[in-house]
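# Remarks on the overall topology
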Amino acid sequence: MDQFTINLLFVGASFALYIGIAIWARAGSTSEFYAAGRGVHPVTNGMATAADWMSAASFISMAGLIAFTGYDNSTYLMGWTGGYVLLALLLAPYLRKFGKYTVSEFIGDRFYSQTARIVAVVCLIVASVTYVIGQMTGVGVAFGRFLEVDNTTGLLIGAAVVFAYAVFGGMKGVTYTQVAQYVVLIMAYTIPAIFISLQLTGNPIPALGLFGDHAASGEPLLAKLDAIVNELGFNEYTAHHGDTFNMLLFTLSLMIGTAGLPHVIMRFFTVPKVSDARWSAGWALVFIALLYLTAPAVGAMARLNISEMMWPNGGIEGGAVTLEQIESDERYDWMDTWQKTGLLGWEDKNGDGAIQYYNDGNADLQAIAAEKGWAGNELTNFNRDILVLANPEIANLPGWVIGLVAAGGLAAALSTAAGLLLAISSAVSHDLIKGALNPQISEKGELLSARIAMAVAILVATYLGLNPPGFAAQTVALAFGLAAASIFPALMMGIFSTKVNNTGAVAGMIAGITVTLIYIFLHKGWFFIPDTNSFTDANPLLGTVKSTSFGAIGAAINFAVAYVVSGMTKETPAHIQELVESVRVPRGAGAAQNK
């Protein structure tokens, strides 16, 4: 059986499972559509939350960014994991106790203002749509390779699948679909990693193999990798080379952005009790850890495999891989298949019949290149987002493992896309239409408007996914920055402070998201339109602060503006202060509301 057929079987079977679950768990009421009837078990909810959380950025893109940068990109791991702990401890139980369906509804009621609710809806949509762009990028990459279609066709197929199970199933359908998707994606991520770890280190646990010895040379794996990348003129893999201040800002932006992501917070509205929200968060962290402990090993081992494949004769002195080897040796078949997607490319610039892969910007390597007659780095394109998906092929693993990874990559992208689209549709139908524009709308009408809003959101996200502003994880980092600058401060002040009033909250959210959006557009192009930017992340506007790191500064601006404006306006009403105390202080049984 050829690889294409195997891919079709794995992807087709997984899609049939998702759509079948959506039909079985079809939402028949707004409670089921928004919160799955508040009857989800904490372990089930923890697994669904993990799938919702571990998007294309985590599955497809993160290990690739770590592989080609090393230690400096461990910020993705630290920020996203630390942020989830922050969310679990500071927000999830209190928001569940408050008893609303959506983040915007909480902000509107806590700050006793329809304006605050509408501003929160806008902030939520801006952050979520940006996030969905990253997911659609991952969908296009995965379909482009494994179903051998172009990026546009891949996006359209992915959008249709999401529409089928998210629009009809709502939160109830999405919850149980995400449980299945978690099982698929975690198997797809860990099984190839186990195979590769055994090949390179003899250890079946990738996280331990990363710190073990390289089987072929007897050297520590990381020391072997450092030696190879240094020889090729790249930065030492295990050392810190970037700007420390920007690194700290970026980690903080990811952390507080995580705690402000509405599609993850919504998952904690689906459990029966406040204690269940805490247990859900704990279980989700366990399920997330299975992937996040493996990702650094996947990145490092893949970088080692790629470097050795491009220099199969013992490094620079032994000579680079030849065009003949790439065309005739089955170990290099993956290069041909990925070249067809446009995400991998090479060129024999000096006509010597070999492909030299090295850092042609390194002064030392330039001298060696001149001596050997090289004409620059000839691996001209290696999209970071393909690394995890290509990993089984690079390691020459069996066809069924490659098919499993295809299904896993799509599961990761589609599960998060569904959660984000549900958050967007809930904000539009429940918070904007029912909460502000038409409070008398029937439950049937509200459910219809939610589904229409989700369909429109799918169309917009698919269109934007055709021209993303970066790799999947980088695009997602922008969304985290927007959530950090707008939603997170409002939630924190809403739960832990009685001094911030409605005027202050609105002013803070507007200031935070506006400044952050402008900073992002100045670096990534206005509305992400190519070539409309005035700065780049390599040469940013403010010192060393990149667009992906600005969310922490936007959050500080939000907090500052909210407190200053609140101090200049009317005090928070007494009944709102009592409400905040009742949510925050665990008096009595601390039962969750069921409104």
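Criteria and thresholds
Residues numbered from 1 in each chain as written. Predicted model: local features only at pLDDT ≥ 70, side-chain atom pairs only at ≥ 80, totals over all residues. Heavy atoms only, no water. Helix = DSSP H or I, 4+ residues; strand = E, 2+ residues; numbered from the N terminus. Buried < 20%, exposed > 50% of the residue type's maximum accessible area, 1.4 Å probe, protein only. Lys, Arg positive; Asp, Glu negative; His and termini not counted. Charge placed at Lys NZ, Arg CZ, Asp CG, Glu CD. Phe/Tyr/Trp six-rings, centres within 6.5 Å; stacked < 30°, edge-to-face > 60°. Expected span 1.5 Å × (residues − 1). Polar contact = N/O pair within 3.5 Å; in protein donor to acceptor, adjacent residues only side chain to side chain. Core = buried A, V, L, I, M, F, W, Y, C linked by side-chain atoms within 4.5 Å. Contact = heavy atoms within 4.5 Å. pLDDT = per-residue confidence, 0-100. Salt bridge = Lys/Arg side-chain N within 4 Å of Asp/Glu carboxyl O. Axes fitted to C-alpha atoms, helices over the stretch in contact; angles between N-to-C directions. Parallel < 35°, antiparallel > 145°, perpendicular 65-115°, else oblique. Left-handed = near helix turned anticlockwise from the far one by under 90°. Nonpolar A, V, L, I, M, F, W, Y, C, P; charged D, E, K, R; others polar. Patch = residues over 30% accessible without salt bridge, like charges linked within 9 Å, V, L, I, M, F, W, Y side chains within 5 Å. Areas by Shrake-Rupley, 256 points an atom, 1.4 Å probe, with all protein chains shown as cover.

The helix and strand tally for the chain stands at 25 helices and four strands. When its C-alpha atoms are laid out on the principal axes, the chain stretches across 80 × 50 × 40 Å. Residues counted as buried form 59% of the 595 residues belonging to the chain. Both charge centroids of the chain, one from 29 positive and one from 40 negative side chains, sit 20 Å from each other.

A complete count under the given rule lists 18 aromatic pairs for this structure. Taken together, a centroid distance of 5.5 Å and an interplanar angle of 50° make the contact between tyrosine 131 and phenylalanine 480 tilted. Here the residue tyrosine 131 occupies a position in helix α8 (residues 114-146), and phenylalanine 480 occupies one in helix α22 (residues 472-496), the gap between them amounting to 349 residues. Phenylalanine 480 gets classed as buried once you look at its relative accessible area, which sits at 1%. Measuring from centroid to centroid gives 5.0 Å for tyrosine 358 and tryptophan 374, while their planes differ by 45°, and the two rings are tilted. Remark: tryptophan 374 occurs in the loop between α18 (363-372) and β4 (381-382) and tyrosine 358 occurs in the loop between β3 (354-355) and α18; sequence separation between them is 16 residues. There is no split in this pair, since tyrosine 358 and tryptophan 374 are both buried. Aromatic rings pair up to connect Tyr76, Trp80, Tyr131, Phe250 and Phe480 into one cluster.

On to helix α20 (residues 399-437), then. A rise of 1.5 Å per residue sets the reference length of α20, with its 39 residues, at 57 Å; its end C-alpha atoms lie 54 Å apart and thus fit the reference within 8%. Where burial is concerned, most of α20 is hidden: 33 out of the 39 residues are buried.

On to helix α12 (residues 244-258). Between its first and last C-alpha, α12 extends 21 Å over 15 residues, near the 21 Å set by a 1.5 Å rise per residue. The residue sitting at the N-terminus of α12 and contributing the capping side-chain oxygen is aspartate 243; that oxygen lies 3.3 Å from the backbone nitrogen of phenylalanine 245.

Okay, the nonpolar core next. Judged by nonpolar contacts, the single largest core of 181 residues is most densely connected at Phe59, Trp80 and Ile107. With 19 residues, the single largest contributor to this core is α20. When residues no more than four places from it in sequence are discounted, the contact partners of isoleucine 107 are Ala116, Ala120, Ala490, Leu491 and Met509.

The subject of this paragraph is unusual backbone geometry. Phi is positive for phenylalanine 527, close to 55°, though the residue is something other than glycine. Relative to the assigned elements, phenylalanine 527 resides in the loop between α23 (502-524) and α24 (551-568). With relative accessibility at 62%, the residue phenylalanine 527 sits in the exposed group. Phi at phenylalanine 528 takes a positive value of approximately 65°, unusual for a residue other than glycine. Positionally, phenylalanine 528 belongs in the loop between α23 and α24.

A few words now on the confidence of the model for the chain. Counting all residues, the mean pLDDT for the chain is 83, and 92% of those residues have values of 70 or more. Of the regions scoring below 50 in pLDDT, residues 29-37 engages in 41 contacts with residues more than four places distant in sequence or in other chains. Segment residues 588-595: pLDDT under 50, and 19 contacts once partners within four positions in sequence are set aside and those in other chains are kept.

Another aspect to go through is the environment of alanine 51. With respect to the secondary-structure elements, alanine 51 resides in helix α3 (residues 42-53). Note: C-alpha distance between alanine 51 and valine 183 (132 residues apart in sequence) is 8.6 Å. Those residues in contact with alanine 51, other than ones at most four positions away along the chain, are Gln178, Tyr182, Leu185, Ser415 and Thr416.

This paragraph deals with the pattern of salt bridges. Counting across every chain of the model gives four salt bridges. Notably, a salt bridge pairs glutamate 317 with lysine 372, separated by 3.8 Å at the nearest N-O pair. Pair noted here: glutamate 317 is in the loop between α15 (295-310) and β1 (321-322) and lysine 372 is in helix α18, with a separation of 55 residues, a long-range link. Taking the relative accessible area as the measure of exposure, glutamate 317 reaches 65% and is therefore exposed. Taking relative accessible area as the criterion, lysine 372 reaches 34% and is therefore assigned partly exposed. Between aspartate 329 and arginine 331 there is a salt bridge whose closest N-O contact spans 3.0 Å. A relative accessible area of 40% places arginine 331 in the partly exposed class.

In this section: the environment of aspartate 352. Looking at where aspartate 352 falls in the secondary structure, it is placed in the loop between β2 (344-345) and β3. A C-alpha to C-alpha distance of 41 Å links aspartate 352 and alanine 477, two positions 125 residues apart in sequence. From its side chain, aspartate 352 meets the backbone nitrogen of alanine 354 in a polar contact 3.0 Å long. A distance of 2.8 Å separates the side chain of aspartate 352 from the side chain of glutamine 356, its partner in a polar contact.

Okay, the packing of α3 against helix α14 (residues 274-292) next. Their axes nearest at 7 Å, the elements α3 and α14 cross at an angle of 50°. When the axes of α3 and α14 are compared, the pair comes out oblique. Viewed along their axes, α3 and α14 form a crossing whose handedness is right-handed. Every residue of α14 that contacts α3 at Pro42, Val43, Asn45, Gly46, Met47, Thr49, Ala50 and Trp53 is listed here: Asp276, Trp279, Ser280, Trp283, Ala284, Phe287, Ile288 and Tyr292. The residue makeup of the contact of α3 with α14, split by class, is 11 nonpolar, four polar and one charged.

Checked against the element boundaries, glycine 83 lands in helix α5 (residues 75-90). A residue is classified by how much of its surface remains accessible, and glycine 83, at 0% relative accessible area, is buried. Note: C-alpha distance between glycine 83 and methionine 255 (172 residues apart in sequence) is 3.6 Å. If near-sequence neighbours (up to four positions away) are discounted, glycine 83 is found in contact with Met78, Met255, Thr258 and Ala259.

Looking at the element boundaries, glutamate 393 is found in helix α19 (residues 387-394). With residues near it in sequence (within four places) discarded, glutamate 393 still touches Arg145, Phe146, Trp334, Thr337, Trp338 and Ile402.

What follows is about the side chain of threonine 201. Here threonine 201 lies in helix α9 (residues 151-201). Only 2.7 Å separates the side chain of threonine 201 from the backbone oxygen of serine 197, close enough to count as a polar contact. Polar side-chain contacts of threonine 201 include one of 3.2 Å to the backbone nitrogen of asparagine 203.

Okay, a nonpolar patch on the surface next. A cluster of nonpolar side chains, Leu448, Ile452, Val456 and Val460, forms an exposed patch at the surface whose accessible area comes to about 340 Å². As for its placement among the helices and strands, isoleucine 452 is situated in helix α21 (residues 443-464).

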